[in-house]
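Now for the letters of each chain:
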Amino acid sequence: QVQLVESGGGLVQAGGSLRLSCVASGRTFSSYAMGWFRQAPGKAREFVARISRSGGTTDYGDAVKGRFTISRDNAKNTVCLQMNSLKPEDTGIYYCAAGPLIGIYDIWGQGTQVTVSS
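Residues numbered from 1 in each chain as written. Predicted model: local features only at pLDDT ≥ 70, side-chain atom pairs only at ≥ 80, totals over all residues. Heavy atoms only, no water.

*Asks:* Would you mind showing me how to read the side chain of Ser-52 here?
*Replies:* Structurally, Ser-52 is set in the loop between strand E5 (46-51) and strand E6 (58-60). Those residues within four positions of Ser-52 in sequence are excluded, and the remaining contacts are Ala-33, Thr-57, Arg-72 and Ile-102. (Helix = DSSP H or I, 4+ residues; strand = E, 2+ residues; numbered from the N terminus. Contact = heavy atoms within 4.5 Å.)

Below is the structure:
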């Protein structure tokens, strides 16, 4: 079973950009669909983006479409989330997730904090 470690979070001004990375341990990374979720204080966890095992299919939450891009490099066991035109409402803890099929996740990282100031 893989383990996931996120990085790249931080404090950024509105309109800025951040790039989150999630590195997976193990040799079977390419067999997992991957996703990014976020949770703001006092709110439920929210779907952000997902990508299929091959990287050929991606999908985004309505709140981030056109601003965020998910990608993966199976050779490096890494999935990334490029976040542009950030807004204060993008603030939250961002979690990387892995699962057997796109949209089904059973392995989660510890999260990385993203704070967007106005």
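After presenting the structure, the write-up continues.
*Asks:* When you look at the side chain of Arg-38 in this model, what are you seeing that I'm missing?
*Replies:* In this structure, Arg-38 sits in strand E4 (residues 33-39). In this structure the side chain of Arg-38 is engaged in a polar contact, spanning 2.8 Å, whose partner is the side chain of Asp-90. Here Tyr-94 takes part through its side chain, which lies 2.9 Å from a polar atom of the side chain of Arg-38. Residues within four places of Arg-38 in sequence aside, it is in contact with Ala-44, Arg-45, Glu-46, Val-48, Ala-63, Val-64, Phe-68, Glu-89, Asp-90, Ile-93 and Tyr-94. (Polar contact = N/O pair within 3.5 Å; in protein donor to acceptor, adjacent residues only side chain to side chain.)

*Asks:* Any chance you could explain the packing of aromatic side chains here in plain terms?
*Replies:* Each aromatic ring pair is described using two quantities: the centre-to-centre distance and the angle formed by the ring planes. Applying the stated criterion to the full structure yields four aromatic pairs. Note on Phe-37 and Phe-47: the rings are 5.8 Å apart at their centroids and 65° apart in plane angle, and the pair reads as edge-to-face. Placement of Phe-37 in strand E4 and of Phe-47 in strand E5 is noted, with a sequence separation of 10 residues between them. Given the relative accessible area of 11%, Phe-37 is considered buried. On the basis of an interplanar angle of 70° and a centroid distance of 6.5 Å, the ring pair of Tyr-105 and Trp-108 is categorised as edge-to-face. Residue classification places Trp-108 among the partly exposed positions, given a relative accessible area of 30%. Through a chain of ring-to-ring contacts, the aromatic side chains of Phe-37, Phe-47, Tyr-105 and Trp-108 assemble into a single cluster. Geometry around Phe-47 places Arg-50 over its ring, the cationic atom sitting 5.4 Å from the centre. Lying over the aromatic face of Phe-29, Arg-72 brings its terminal NZ or CZ to 4.5 Å of the ring centre. (Phe/Tyr/Trp six-rings, centres within 6.5 Å; stacked < 30°, edge-to-face > 60°. Buried < 20%, exposed > 50% of the residue type's maximum accessible area, 1.4 Å probe, protein only. Lys NZ or Arg CZ within 6 Å of the ring centre and 35° of its normal.)

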